[in-house]
Amino acid sequence: MLYPSIDSLMTKIDSKYSLVSVAAKRARSMQVHMEPKMDKYVSYKFVGKALEEINAEKLHFKTAASHEELNINE
């Protein structure tokens, strides 16, 4: 079984696309700077470490704009 599970990750970030994007961006950042946010990781690969950080709520995701900021006329 994979850790962390997709079910537990989907409770943190509601979109699979956003989840993959955030994890990939963090993995690339870890390859260059290696700034760990956790003391111990289960995974040894950067993408796995990024997913563990999301699961532990050490890594967060914010949208650039919400509906109120876009001034959408309905």
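Residues numbered from 1 in each chain as written. Predicted model: local features only at pLDDT ≥ 70, side-chain atom pairs only at ≥ 80, totals over all residues. Heavy atoms only, no water.

Draft legend 1. Focus on the overall build of the protein chain. Each helix and strand in the protein chain was counted, giving four helices and zero strands. What you see in the protein chain, going N to C, is helices and strands ordered as α-α-α-α. Counting every position in the protein chain, which comprises 74 residues, the buried fraction comes to 27%. (Helix = DSSP H or I, 4+ residues; strand = E, 2+ residues; numbered from the N terminus. Buried < 20%, exposed > 50% of the residue type's maximum accessible area, 1.4 Å probe, protein only.)

Draft legend 2. Representation of the environment of Ile6. Tracing the sequence through the fold places Ile6 in helix α1 (residues 6-10). Overall, Ile6 belongs to the partly exposed group, its relative accessible area being 43%. Separated by 49 residues in sequence, Ile6 and Asn55 have C-alpha atoms that sit 9.7 Å apart.

Draft legend 3. Region of the structure containing the pattern of salt bridges. For the structure shown, the criterion picks out two salt bridges. Put simply, Lys12 and Glu57 hold a salt bridge, and the shortest N to O gap is 3.4 Å. Taken as a pair, Lys12 in the loop between α1 and α2 (16-33) and Glu57 in the loop between α3 (46-55) and α4 (67-70) lie far apart in primary sequence, 45 residues in all. For the salt bridge of Arg26 with Glu53, the shortest nitrogen-to-oxygen distance reads 2.7 Å. Of the two residues, Arg26 is situated in helix α2 and Glu53 in helix α3; the sequence distance between them amounts to 27 residues. Comparing Arg26 with Glu53, the two get one shared label, buried. (Salt bridge = Lys/Arg side-chain N within 4 Å of Asp/Glu carboxyl O.)

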